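One-letter residues, chain by chain:
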Amino acid sequence: MKVAVFSTKPYDREYLEKANATTGHEFSFFETSLKPTTVKLAGGHQAVCVFVNDTLSREVIESLTALGVKSIVLRCAGFNNVDIEAACNNGFSVLRVPAYSPHAVAEHAIALIMTLNRKTHKAYNRVREGNFSIERLTGFELAGKTTGVVGTGKIGAAFARIMKGFGCRVVAYDLYPNKQLETEGVEYLSLEDVFKQSDIISLHCPLTPDTHHVINKQSMKLMKKGVMLINTSRGQLIDSEAAINALKKGRLGYLGIDVYEQEENVFFKDLSEMIIQDDKLMRLMTFPNVLITAHQAYFTDNALTQIAQTTIQNLSDIENGQLNEKNRVCMDMVK
Ligand code: NAD
């Protein structure tokens, strides 16, 4: 199958080509993201292969239809960037990678927690400059603390288990509580009680109309003063403006984010010689108790291999007319 691959980085190409070695799909790799101004690059291909910050709005989907493209293959689990209704109405097959090493993301959430807490990033810089003072590097012990998990699917469950291993009390909120996790000691509470009782809150639910800005001025008022908030899910779960205000007031004690509301303009790009125009992001970067990574939680060798293999399988399934229902994105999932 001829596939236009958007938002390609060298590592995407490497892993996709390796996974495609015995399959023979034909790839055109484009560094640019898919958006209304680049959609014409998809001409002459049967499928587009996209990532988290590609735009598959109604406008783009209608342009793809006009170009004869019939399939959308996501190299990720989340599909909030796809207008599913438009895709379904235009007869597209939309396939994703629903599961790839949930440990990759769960463990990155732990890395954010441990770095913010024990300030290893600051210690590293100090020691390299010959400053062996440990003043102001005080942390807290995770054992005995309450960790709140919002969304206990594959990643949230892996995260909850690791936090149990640290000796935390783990409380959780999900529309569909996981019975197995309950038997392992995770307590399901209302979302409000998770916010009220937690010392650390980690977001692992998808971005939907219900979860958009689930962390806002009101919800942050419910939280313990000095709470640590971790987001490795999707940027728009947090109202950044409200988070900035809460950080300024000391209400939010720590913020660790791997995703950001307007990340599509910034993440995955080297802007080190540019004037960055995003004032909210620049303000967030000034806080000593904020740690930002650029959507790298998934970025392990294991996860990249699984993403590439599932993507190739999804393309072959489309070609053979045998879609894997587990990987298919359909209207029911967004209702
Ligand atoms: P999953 O589908 O296994 O789990 C999501 C869970 O959220 C489900 O249990 C679901 O019931 C729950 N949920 C849905 N709506 C909810 C709501 N309103 N409130 C509370 N819970 C709700 O997904 P997953 O594989 O665990 O991935 C979770 C999210 O992580 C993805 O949606 C994606 O946005 C994000 N993600 C980020 C990265 C990264 O690199 N930063 C990588 C992969 C996935």
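The present account deals with the structure reproduced in this document. (Residues numbered from 1 in each chain as written. Predicted model: local features only at pLDDT ≥ 70, side-chain atom pairs only at ≥ 80, totals over all residues. Heavy atoms only, no water.)

### What to know about the packing of helix α4 (residues 102-118) against helix α6 (residues 154-165)
Okay, so step 1: Packing of α4 against α6 brings their axes to within 8 Å, and their N-to-C directions diverge by 50°. On the basis of their axis angle, the class for α4 and α6 is oblique. Crossing angle aside, the handedness with which α4 passes α6 is right-handed. Residues Pro 102, His 103, Val 105, Ala 106, Glu 107, Ala 109, Ile 110 and Ile 113 of α4 pack against Lys 154, Ile 155, Ala 158, Phe 159, Ile 162 and Met 163 of α6.
Okay, so step 2: Residue composition of the contact of α4 with α6, by class: 11 nonpolar, 1 polar and 2 charged. (Axes fitted to C-alpha atoms, helices over the stretch in contact; angles between N-to-C directions. Helix = DSSP H or I, 4+ residues; strand = E, 2+ residues; numbered from the N terminus. Parallel < 35°, antiparallel > 145°, perpendicular 65-115°, else oblique. Left-handed = near helix turned anticlockwise from the far one by under 90°. Contact = heavy atoms within 4.5 Å. Nonpolar A, V, L, I, M, F, W, Y, C, P; charged D, E, K, R; others polar.)

### A short note on the site of the ligand
Okay, so step 1: Around the ligand, the structure places 22 residues, and the nearest of them are Tyr 100, Lys 154, Ile 155, Asp 174 and Thr 232.
Okay, so step 2: Gly 153 has a polar backbone atom sitting 3.4 Å from an oxygen atom of the ligand.
Okay, so step 3: Side-chain polar atom of Arg 234 to an oxygen atom of the ligand: 3.3 Å apart, as the coordinates give it.
Okay, so step 4: Relative to its free-state accessible area of 870 Å², the ligand is covered by the protein chains to the extent of 86%.
Okay, so step 5: Here the ligand is seated within the largest pocket. (Near = heavy atom within 4 Å. Polar contact = N/O pair within 3.5 Å; in protein donor to acceptor, adjacent residues only side chain to side chain. Areas by Shrake-Rupley, 256 points an atom, 1.4 Å probe, with all protein chains shown as cover. 1 Å grid on protein atoms, 1.4 Å probe; cavity = no way out; pocket = protein on both sides within 12 Å on 5 of 7 lines; lining within 4 Å. Sits in = over half its atoms within 2 Å of the grid points.)

### Some words on the packing of helix α10 (residues 240-249) against helix α11 (residues 279-286)
Okay, so step 1: Closest axis-to-axis distance for the α10/α11 pair is 10 Å, and the angle between their directions is 25°. It follows from the interaxial angle that α10 and α11 lie roughly parallel. You can see that α10 and α11 cross each other, and the crossing is left-handed. Counting all contacts with α10, which are made through Ser 240, Glu 241, Ile 244, Leu 247 and Lys 248, the residues of α11 involved are Lys 280, Arg 283 and Leu 284.
Okay, so step 2: Broken down by class, the residue content of the contact of α10 with α11 amounts to 3 nonpolar, 1 polar and 4 charged.

### Quick word on the packing of aromatic side chains
Okay, so step 1: A complete count under the given rule lists 7 aromatic pairs for this structure.
Okay, so step 2: Ring centres of Tyr 11 and Phe 299 lie 4.6 Å apart, and the angle between their planes is 70°; this geometry places the pair in the edge-to-face category. One end of the pair, Tyr 11, is in helix α1 (residues 10-19); the other, Phe 299, is in the loop between β12 (290-292) and α12 (301-320), with 288 residues separating them in the sequence.
Okay, so step 3: Tyr 11 gets classed as partly exposed once you look at its relative accessible area, which sits at 22%.
Okay, so step 4: Given a relative accessible area of 40%, Phe 299 falls into the partly exposed group.
Okay, so step 5: By the ring-pair criterion, three or more aromatic residues cluster together here, those being Tyr 11, Phe 51, Phe 268, Tyr 298 and Phe 299.
Okay, so step 6: Directly above the aromatic system of Tyr 15 lies the positively charged group of Lys 18, at a separation of 5.3 Å from the ring centroid.
Okay, so step 7: The positively charged end of Lys 70 is found above the aromatic ring belonging to Phe 92, 5.6 Å away from the centroid. (Phe/Tyr/Trp six-rings, centres within 6.5 Å; stacked < 30°, edge-to-face > 60°. Buried < 20%, exposed > 50% of the residue type's maximum accessible area, 1.4 Å probe, protein only. Lys NZ or Arg CZ within 6 Å of the ring centre and 35° of its normal.)

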